[in-house]
Amino acid sequence: MRRTHLTLLLALSLLLTQTRPALARAQAAGDGKAAAARSEPTKQQKDAAKRVEKLKRVVSKVGVGRRITVFLKNGDDLHGTVSRVGPEDFDVAEVDLKELITVRYEFTEKVREGYGGLNLFTGKRASPQKGTTLAMFGAVLFVALVLPVLLIRSSKD
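Residues numbered from 1 in each chain as written. Predicted model: local features only at pLDDT ≥ 70, side-chain atom pairs only at ≥ 80, totals over all residues. Heavy atoms only, no water.

### A short note on the pairing of strand β3 (residues 89–94)
Thinking step 1. With 5 of 6 residues buried, β3 is to be regarded as a mostly interior element.
Thinking step 2. Bridge analysis of strand β2 (residues 77–85) against β3 gives 5 bridges, and the strand direction is antiparallel. The residue of β3 that forms the bridge with V82 is V92.
Thinking step 3. Hairpin connection from β2 to β3: 3 residues lie between these consecutive antiparallel strands.
Thinking step 4. Where β3 meets strand β4 (residues 99–104), 6 bridges bridge the pair, whose relative direction is antiparallel. Bridge pairing in β4 links V92 to I101.
Thinking step 5. In this structure, the hairpin formed by β3 and β4 is closed by a connection of 4 residues, where K98 is found at a positive phi of approximately 55°. (Buried < 20%, exposed > 50% of the residue type's maximum accessible area, 1.4 Å probe, protein only. Helix = DSSP H or I, 4+ residues; strand = E, 2+ residues; numbered from the N terminus. Pairing = 2+ DSSP bridges.)

Printed below as a string of structure tokens:
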């Protein structure tokens, strides 16, 4: 019985001591693969590069001296006039803060031409697209609810 246990213990220790060099060789081979993978851009890096190129096109299409709304990745938004367009960043003369802000493309979520008026109740600028959407919603709501009520009342008289 003791001999069986000793044999199993010896076999296990030999197995463990022999697998470590094999693991080290596998890790070394994996490090070579990792170094090769680091030299190639990943899918996330490719997507980020495409997004930055799209932002550059939109900002240059808006042009210097035109109004722009910039949505940053941290949740802030800037409203102002494009002052300069560069390869890595662009400058916005912010209308509310009254200062020149340099914005890097990689920190930008999206950009849109123009900006809305200042909301007197909230102190924030309304998005032109949201304003148009709300106006359309109000018109549809008026036609769907108020107009039939007015027609029914006028027909009873």
